[in-house]
Amino acid sequence: MNDDYLIYHNPGCGTSRNVLALMRHCGVQPRVIEYLKTPPSRDELRRLLTDMGLGVRDILRERGTPYAELGLDQPHWSDEQLLDFIEAHPILMNRPIVVTPRGTRLCRPSEMVLDLLPEPPMRPFAKEDGEMVLNAQGRRVR
């Protein structure tokens with residue numbers, strides 16, 4: 001495991017599983033934080049947002065979360081209030097968020113993680129659904 005590489009991961013999410021598999025394919029064994037079991041602190045969330053150059057709303061997940069029932073689409077919520085909601089309902093944090101020496105990023109779609117990793121090996125990689133990401137030479141398909 002390399003502490004220079006970190007993924008805020010949800011094993012129930014296909015995108016998150018694909019990102020973790022791509023990291024391992026590229027020879028990186030990241031520290032895996034299952035953020036639903038071990039949510040980041042408010043300070044950690046703020047640091048991640050700053051490092052990604054994103055606002056709180058940029059990491060809110062709507063699908064499969066209490067987003068709609070909490071009325072989080074309303075513009076009156078402050079960033080601090082939105083952070084309160086994420087702390088109370090970690091599932092509201094979109095994933096996966098990856099931290100590497102090359103930067104921090106919300107990796108959706110999963111191929112975005114390749115910009116943060118060492119060069120991939122010269123062999124193909126396909127997502128769980130069979131979509132090719134890397135060809136036999138280890139180059140991005142698209």
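Whatever comes next refers back to the structure up there.
Source: prediction; values computed, not measured.

Asks: Outline the sheet that holds strand 3 (residues 97-100), supporting the account with residue identities and numerical values.
Replies: Taken together, 4 strands build an open sheet; the order of strands is 2-1-3-4 and the sheet is mixed. Two strands lie at the open edges of the sheet, namely strand 2 (30-34) and strand 4 (103-106), each paired on one side alone. Strand after strand, the sheet turns through a mean of 15 degrees between neighbouring axes, direction not considered. In this sheet, strand 3 lies alongside strand 1 (residues 2-9) in antiparallel orientation, the contact comprising 3 bridges.

Asks: So what about the nonpolar core? Which residues, and what values?
Replies: In this structure, Tyr8, Ile86 and Met93 are the most contacted members of the largest nonpolar core, which totals 23 residues. Counting only elements with at least two residues in this core, the list comes to strand 1, helix 2 (42-52), helix 3 (79-88) and strand 3. Leave out the neighbours within four places in its chain, and tyrosine 8 touches Ser16, Ile33, Tyr35, Pro40, Glu44, Arg47, Leu48, Met93, Arg95, Pro96 and Ile97. In terms of nonpolar packing, the next biggest core, distinct from the first, is built from 17 residues, Ile7, Val19, Val28 and Leu134 among them.

Asks: Residues and numbers for the packing of helix 2 against helix 3, please.
Replies: Two elements in contact, helix 2 and helix 3, have axes whose closest approach is 11 Å; the angle formed by their N-to-C orientations is 120 degrees. Compared by their axis directions, helix 2 and helix 3 come out oblique. Crossing hand, helix 2 versus helix 3: right-handed. Contacts from Arg42, Leu45, Arg46 and Leu49 in helix 2 reach Glu80, Leu83, Asp84, Ile86 and Glu87 in helix 3. Class assignment for the residues of the contact of helix 2 with helix 3 results in 4 nonpolar, no polar and 5 charged.

Asks: Which residues make up the environment of alanine 68, and what are the values?
Replies: Residue position: alanine 68 is located in the loop between helix 2 and helix 3. With 74 residues separating them along the chain, alanine 68 and arginine 142 place their C-alpha atoms 34 Å apart.

Asks: Just give me the short version of unusual backbone geometry, but keep the residues and values in it.
Replies: Of the consecutive residues arginine 95 and proline 96, the connecting peptide bond is found in the cis state with omega at -5 degrees. Here proline 96 is to be found in the loop between helix 3 and strand 3.

Asks: Hey, could you go over the side chain of histidine 9 for me, with residue numbers and the actual values?
Replies: Residue position: histidine 9 is located in strand 1. Not counting chain neighbours up to four residues away, the residues in contact with histidine 9 comprise Ser16, Arg17, Leu20, Val32, Ile33, Glu34 and Tyr35.

Asks: Tell me about helix 2, and please be specific about residues and values.
Replies: When we look at burial in helix 2, the residues that qualify are Arg42, Leu45, Leu48, Leu49 and Met52. For helix 2, the angular spread of the buried residues around the axis is 120 degrees, confining them to a single face. Projecting away from the buried face of helix 2 at angles above 90 degrees are the exposed residues Asp43 and Thr50. In this structure, the buried side of helix 2 is in contact with strand 1, helix 3, strand 3 and strand 4. Where helix 2 ends, the next residue or the one after it, glycine 53, has phi of about 70 degrees, a positive value.

Rules and cut-offs
- Residues numbered from 1 in each chain as written.
- Predicted model: local features only at pLDDT ≥ 70, side-chain atom pairs only at ≥ 80, totals over all residues.
- Heavy atoms only, no water.
- Pairing = 2+ DSSP bridges.
- Helix = DSSP H or I, 4+ residues; strand = E, 2+ residues; numbered from the N terminus.
- Axes fitted to C-alpha atoms, helices over the stretch in contact; angles between N-to-C directions.
- Core = buried A, V, L, I, M, F, W, Y, C linked by side-chain atoms within 4.5 Å.
- Buried < 20%, exposed > 50% of the residue type's maximum accessible area, 1.4 Å probe, protein only.
- Contact = heavy atoms within 4.5 Å.
- Parallel < 35°, antiparallel > 145°, perpendicular 65-115°, else oblique.
- Left-handed = near helix turned anticlockwise from the far one by under 90°.
- Nonpolar A, V, L, I, M, F, W, Y, C, P; charged D, E, K, R; others polar.
- Arc of directions from axis to C-beta.

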